[in-house]
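These are the residues of each chain, in order.
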Amino acid sequence: MNSNTVGWWGLAASLIFVVVAIALTSSFRLGLSRTISIATGRSLVQLLVVGSALTLVIDPDTSLAWSWAWVAGIIVFAAYTVTRRVPQVPNLLPVTLASNVAVAVVGLAIVFGFGVFDLDSRSLVPVSGMIIGNSMKSGVVAAMRVVEASAEQRAEIEAGLALGMSTRQASARFVRSALRTAISPQIEQTAGLGIVFLPGAMTGLLLAGADPLDAVRAQLALMYVILSGTVVGSIVTGLGTVSRLTTPAETLRVTHRASR
């Protein structure tokens, strides 16, 4: 067994820092202690379930079709998550589904079509999760920011509509700002690779005993695809949100600020 394998005692020890975090948020009365506890508990249960399921999926005797089914589930769940986080936007689910499908098709075609990784059950599910998961996060931000802009800048947008602009034209400046907000964190994360932090995939490969340069190449390939997927997902979701906030008469639906 690899000496870097984390045992159950190691996992329990890592929770000590969570206890410290809960104690600090309680002492400063931030109101986050319960949220941290729930998040920690959910992640523990969810990942243990996922780990058990992955044991079956990555078995060499298991058909690759089960891995593709898992990827489809990731796409649907991510789309639903974005929709749930921005309930002010009507009928957003088709937009988020289209966004995630586009990201998955392009990203996986590049990763596996060009042989960056071998197409097998051990790589398909985790790579898909990384690509779609990051796109989902940026999609949430893009949709929320578009909703906030439509509520806060409604007077300016309606002034543009009164001058004969379409809703997309009248809101273009705010949509661009929303998309920059959604995409910028991933750009900064990409720019900080190696200097500020070592990302997860590279760290995992190093802990598994891979050659550092092999780990670097794998991580860079993933990060470039993730960055592109973030851009695609943000733009599709942001523009789709604008279309869902536009009535057939080219007016703006009444919205409120997105809850966080």
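This one's a predicted model, so the numbers in the text were calculated from it and none came from an experiment.

If you walk through the whole model with that rule in mind, you get three salt bridges. With its nearest N and O atoms 2.6 Å apart, the salt bridge here joins E156 to R173. Placement of the pair is E156 in helix α6 (residues 154-162) and R173 in helix α8 (residues 172-191), with a sequence separation of 17 residues. On the basis of relative accessibility, which here comes to 39%, the residue E156 falls in the partly exposed class.

This brings us to the side chain of S234. Note that S234 resides in helix α10 (residues 212-244). We classify S234 as buried; its relative accessible area is 0%.

Looking at the secondary structure, you find V89 in the loop between α3 (64-85) and α4 (93-113). Between the alpha carbons of V89 and L32 there is a distance of 28 Å; along the sequence they are 57 residues apart. Contacts of V89, omitting those with residues within four sequence positions, involve V147, T241, R244 and L245.

What follows concerns unusual backbone geometry. Backbone geometry places R29, a non-glycine residue, at a positive phi of 55 degrees. Mapped onto the elements, R29 comes out in the loop between α1 (8-27) and α2 (33-57). On the basis of relative accessibility, which here comes to 78%, the residue R29 falls in the exposed class. Although it is not a glycine, N91 adopts a positive phi angle of roughly 55 degrees. Since its relative accessible area comes to 52%, N91 is described here as exposed.

Structurally, the position occupied by G240 is in helix α10. For G240, a relative accessible area of 10% corresponds to the buried category. Between the C-alpha atoms of G240 and P94, which are 146 residues apart in sequence, the distance is 9.1 Å.

Below, the discussion takes up a nonpolar patch on the surface. Side chains of V6, W8, L11, L44, V45, L48 and V49 sit close together on the surface and give an oily, nonpolar patch of about 700 Å² of accessible area. Going through the elements one at a time, α1 and α2 are the ones with two or more residues in the nonpolar patch. Judged by its relative accessible area of 66%, W8 is exposed.

Take the packing of α3 against helix α5 (residues 121-152) next. Between α3 and α5, the least distance of the axes is 9 Å, while the angle of their chain directions is 10 degrees. Between α3 and α5, the angle is such that the two are roughly parallel. Two secondary-structure elements touch here, α3 through L64, S67, W68, W70, V71, I74, I75, A78, T81, V82 and R85 and α5 through S121, L124, V125, S128, G129, I132, M136, G139, V140 and M144. Looking at side-chain class alone, the contact of α3 with α5 contains 14 nonpolar, six polar and one charged residues.

About the criteria used
- Residues numbered from 1 in each chain as written.
- Predicted model: local features only at pLDDT ≥ 70, side-chain atom pairs only at ≥ 80, totals over all residues.
- Heavy atoms only, no water.
- Salt bridge = Lys/Arg side-chain N within 4 Å of Asp/Glu carboxyl O.
- Helix = DSSP H or I, 4+ residues; strand = E, 2+ residues; numbered from the N terminus.
- Buried < 20%, exposed > 50% of the residue type's maximum accessible area, 1.4 Å probe, protein only.
- Contact = heavy atoms within 4.5 Å.
- Patch = residues over 30% accessible without salt bridge, like charges linked within 9 Å, V, L, I, M, F, W, Y side chains within 5 Å.
- Areas by Shrake-Rupley, 256 points an atom, 1.4 Å probe, with all protein chains shown as cover.
- Axes fitted to C-alpha atoms, helices over the stretch in contact; angles between N-to-C directions.
- Parallel < 35°, antiparallel > 145°, perpendicular 65-115°, else oblique.
- Nonpolar A, V, L, I, M, F, W, Y, C, P; charged D, E, K, R; others polar.

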